[in-house]
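Residue strings, one per chain:
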Amino acid sequence: MDQETYDAYVAILEEELVCAMGCTEPIAVAYCAALARKALGALPESAVVTASANIIKNVKSVVVPNTGGARGIEAAAAAGIVAGDPAAELEVLAGVTPDDVRAMREFLAEREVTVAPSERPWIFDIQVRLEAAGHTALCEIAGAHTNVIRLEHDDEVLLDKLYEEAADAEGTDRSCLSIERIVQFADEVRLDDVKQVLGRQIACNMTIAREGLEGTWGAGVGKVLLEAYGDSVANRAKAWAAAGSDARMGGCELPVVINSGSGNQGLTASVPVIVYAQELGVSHEELLRALVVSNLVTTHLKTGIGRLSAYCGATSAGAGAAAGITYLYGGRADEVSHTVVNAIAIDSGMVCDGAKASCAAKIASAVEAGLLGMQMQRQGSQFYGGDGIVVKGVENTIRNVGVLAAQGMRETDRTIIELMCGSGAC
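Since we're looking at a predicted model, the values are computed, not measured.

Enquirer: Would you mind showing me how to read the pattern of salt bridges here?
Expert: Two side chains bearing opposite charge may form a pair once their charged atoms approach each other closely. Taken as a whole and assessed by the stated rule, the structure comprises 18 salt bridges. For the salt bridge of K57 with D413, the shortest nitrogen-to-oxygen distance reads 2.8 Å. In this pair, K57 is assigned in helix α3 (residues 53–59) and D413 in helix α16 (residues 410–421), connecting sequence segments 356 residues apart. Here the two residues K57 and D413 agree in accessibility, since each one is buried. Note that R414 is salt-bridged to E411, the shortest N-O span being 2.8 Å. With R414 and E411 both in helix α16 and three residues apart, the pair spans about one turn of that helix.

Enquirer: Would you mind showing me how to read the side chain of H300 here?
Expert: By the secondary structure assignment, H300 is in helix α11 (residues 284–303). Judged by its relative accessible area of 10%, H300 is buried. When residues no more than four places from it in sequence are discounted, the contact partners of H300 are L177, S178, I179, I182, E395 and I398.

Enquirer: Could you clarify how one ought to interpret the packing of aromatic side chains in this entry?
Expert: Geometrically, a pair of aromatic rings is defined through the distance of the ring centres and the angle of the planes. Under the criterion given, the structure shown has four aromatic pairs. Ring plane angle 65° and centroid distance 5.2 Å describe the contact between Y6 and F185, whose orientation is recorded as edge-to-face. Taken together, the residues span a long stretch of sequence, with Y6 in helix α1 (residues 3–16) and F185 in helix α6 (residues 179–188) at a distance of 179 residues. Judged by relative accessible area, Y6 falls into the buried class, the value being 5%. Under the relative-accessibility criterion, F185 is labelled buried at 0%. With 6.3 Å between their ring centres and 65° between their planes, Y276 and Y329 make a pair best called edge-to-face. Of this pair, Y276 sits in helix α10 (residues 263–280) while Y329 sits in the loop between α12 (313–328) and α13 (333–347), and the two are 53 residues apart along the sequence. Residue Y276 is classed as buried on the basis of its relative accessible area of 3%. Look at Y329 and you get partly exposed, because its relative accessible area is 33%. Here a set of aromatic residues connected by ring pairs shows up, and it is made of Y6, Y9 and F185. The cationic tip of R332 hangs over the ring face of Y327; the distance from NZ or CZ to the ring centre is 3.7 Å.

Enquirer: Please clarify how the sheet that holds strand β2 (residues 46–51) should be interpreted in this entry.
Expert: Neighbouring strands of a sheet are bound in pairs by backbone hydrogen bonds; such pairs are parallel or else antiparallel. Pairing is mixed across the open sheet formed by six strands, whose spatial order is β3-β2-β4-β5-β6-β7. Looking at which strands have only one partner, the edges of the open sheet turn out to be β3 (112–117) and β7 (156–160). Within the sheet, the average angular offset between the axes of one strand and its neighbour, ignoring direction, is 10°. Pairing between β2 and β3: six bridges, direction parallel. Looking across to β3, one finds that T50 is bridged to A116. Contacting β2, β3 and β4 (125–132), helix α4 (residues 73–83) runs over the sheet at an angle of about 125° to β2.

Enquirer: I keep staring at the side chain of T50 and nothing clicks. Help me out?
Expert: Examined against the element boundaries, T50 turns out to sit in strand β2. Using a relative accessible area of 16% as the deciding quantity, one classes T50 as buried. Leaving out residues up to four positions away in the same chain, T50 has contacts with A116, P117, S118, D125, I126 and Q127.

Enquirer: I tried to follow α1 on my own but got confused; where do I start?
Expert: Structural remark: α-helix, 3.6 residues per turn; residues separated by three or four positions point the same way. Across its 14 residues, α1 extends 20 Å between first and last C-alpha, which sits within 8% of the 20 Å expected from 1.5 Å per residue. For α1, the set of buried residues is T5, Y6, A8, Y9, V10, A11, I12, L13 and E16. If you follow the buried residues of α1, they end up packed against α6, α7 (195–214) and α11. By the N-cap criterion, in which a side-chain oxygen at the helix start approaches the backbone nitrogen of a residue two or three places on, α1 is capped by D2, the distance to E4 being 3.2 Å.

Enquirer: Help me understand α12, please; the structure alone is not making it clear to me.
Expert: With 16 residues, α12 should reach 22 Å at 1.5 Å per residue; the first-to-last C-alpha distance of 23 Å fits that figure. Burial analysis of α12 places 16 of its 16 residues in the buried class, the great majority of the element. Remark: G330 follows α12 within two positions and exhibits a positive phi of approximately 100°.

Enquirer: Sorry, what's going on with the nonpolar core here?
Expert: Buried together is how nonpolar side chains tend to be arranged in soluble globular proteins. One finds F185, L296 and V340 to be the most contacted residues of the largest nonpolar core, which totals 81 residues. Broken down by element, the residue count for this core peaks at nine residues, all from α11. Not counting residues up to four positions away in its chain, the partners in contact with V340 are I179, V297, L301, A319, A323 and V394. Of all hydrophobic cores here, the second largest spans 48 residues; its members include V29, A30, V59 and V92.

Rules and cut-offs
- Residues numbered from 1 in each chain as written.
- Predicted model: local features only at pLDDT ≥ 70, side-chain atom pairs only at ≥ 80, totals over all residues.
- Heavy atoms only, no water.
- Salt bridge = Lys/Arg side-chain N within 4 Å of Asp/Glu carboxyl O.
- Helix = DSSP H or I, 4+ residues; strand = E, 2+ residues; numbered from the N terminus.
- Buried < 20%, exposed > 50% of the residue type's maximum accessible area, 1.4 Å probe, protein only.
- Contact = heavy atoms within 4.5 Å.
- Phe/Tyr/Trp six-rings, centres within 6.5 Å; stacked < 30°, edge-to-face > 60°.
- Lys NZ or Arg CZ within 6 Å of the ring centre and 35° of its normal.
- Pairing = 2+ DSSP bridges.
- Axes fitted to C-alpha atoms, helices over the stretch in contact; angles between N-to-C directions.
- Expected span 1.5 Å × (residues − 1).
- Polar contact = N/O pair within 3.5 Å; in protein donor to acceptor, adjacent residues only side chain to side chain.
- Core = buried A, V, L, I, M, F, W, Y, C linked by side-chain atoms within 4.5 Å.

Here it is, written out as structure tokens:
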């Protein structure tokens with residue numbers, strides 16, 4: 001592999017696999033609010049949060065960590081304003097204390113926090129405008145959870161960054177990704193270049209998965225899977241990944257290493273691979289290389305889809321996990337390609353109707369589809385071009401998924417949001 005591509009792949013892993021505490025959309029709201037509060041320099045008398053529909057969808061039903069069980073944009077913004085640490089980015093609420101929680105509740109009771117739909121044409125947009133004693137501050141995030149494009153204090157512009165939705169807001173160009181080169185990179189990567197970021201993913205994501213199984217979180221999907229379907233490695237892979245989401249969607253304060261801006265995708269891409277590595281007794285080096293495959297395949301699949309859409313991101317991560325498990329079994333580019341195509345053919349179309357407890361069950365479904373795709377490949381069975389959205393060549397099929405999700409499901413997304421918000425609950 002040439003050095004330029006190698007360096008790009010290392011950079012992509014470092015950019016994608018970052019720690020976040022809580023569902024990333026409410027955390028992005030809290031981060032935006034904390035930046036605005038810092039710019040204002042005082043506790044505001046009022047706050048206006050303007051957000052795109054997909055942000056509203058993903059914040060509506062999920063518990064914001066370190067808020068005493070509060071949900072929604074108002075709670076996320078108040079937490080960021082009162083106690084957020086903007087330097088911590090997606091761990092902005094990690095240092096919140098019980099006194100801070102009480103102060104946040106008082107803030108919500110005594111001061112006005114207004115939520116309004118964004119007039120921007122962008123899928124991902126958050127604006128927080130604060131006012132106190134005749135002074136104002138504004139922060140805007142677009143395209144990605146920490147991509148701050150504007151910061152103002154009164155009439156002074158502190159930051160103004162050009163943003164175009166078609167452009168990559170994440171830094172390194174993802175167009176260099178392909179299944180063949182991902183597998184080549186996994187074979188050749190110097191582990192010192194990736195062991196820190198992957199080691200953090202293993203530690204964080206397995207810790208919250210264990211908490212999901214041992215504690216009382218969400219709908220307890222992980223526990224249900226183990227109790228109903230037993231201790232096979234395939235079921236454990238589904239159950240542990242789902243349990244991490246049970247805890248995360250329930251407001252657990254443990255951090256998760258995300259993928260493509262999502263903790264649920266980070267859990268789905270990593271936990272099943274770790275469970276299979278333990279079952280197979282492979283070396284730590286083999287596990288790290290398999291996680292390179294699962295994470296980069298997930299990112300590759302998500303690149304054409306975008307950060308937020310009506311297409312459930314766990315679907316891509318389930319295919320990524322299956323790719324990593326295929327690698328553990330000795331599969332390389334051909335086998336990984338067939339696994340990914342099979343998984344896409346099985347589960348594409350599962351919709352995203354916001355972050356909430358049922359995400360854990362969707363993760364289990366996505367992992368199941370990935371594992372079925374892998375077993376089909378191992379037994380010489382596959383889907384072929386012409387089977388639905390599947391076309392000849394894994395890269396062509398991946399492009400079709402991007403078109404389906406980013407373009408074909410736009411009306412689906414609007415309908416989902418209308419159904420969720422039709423009662424005025426958004």
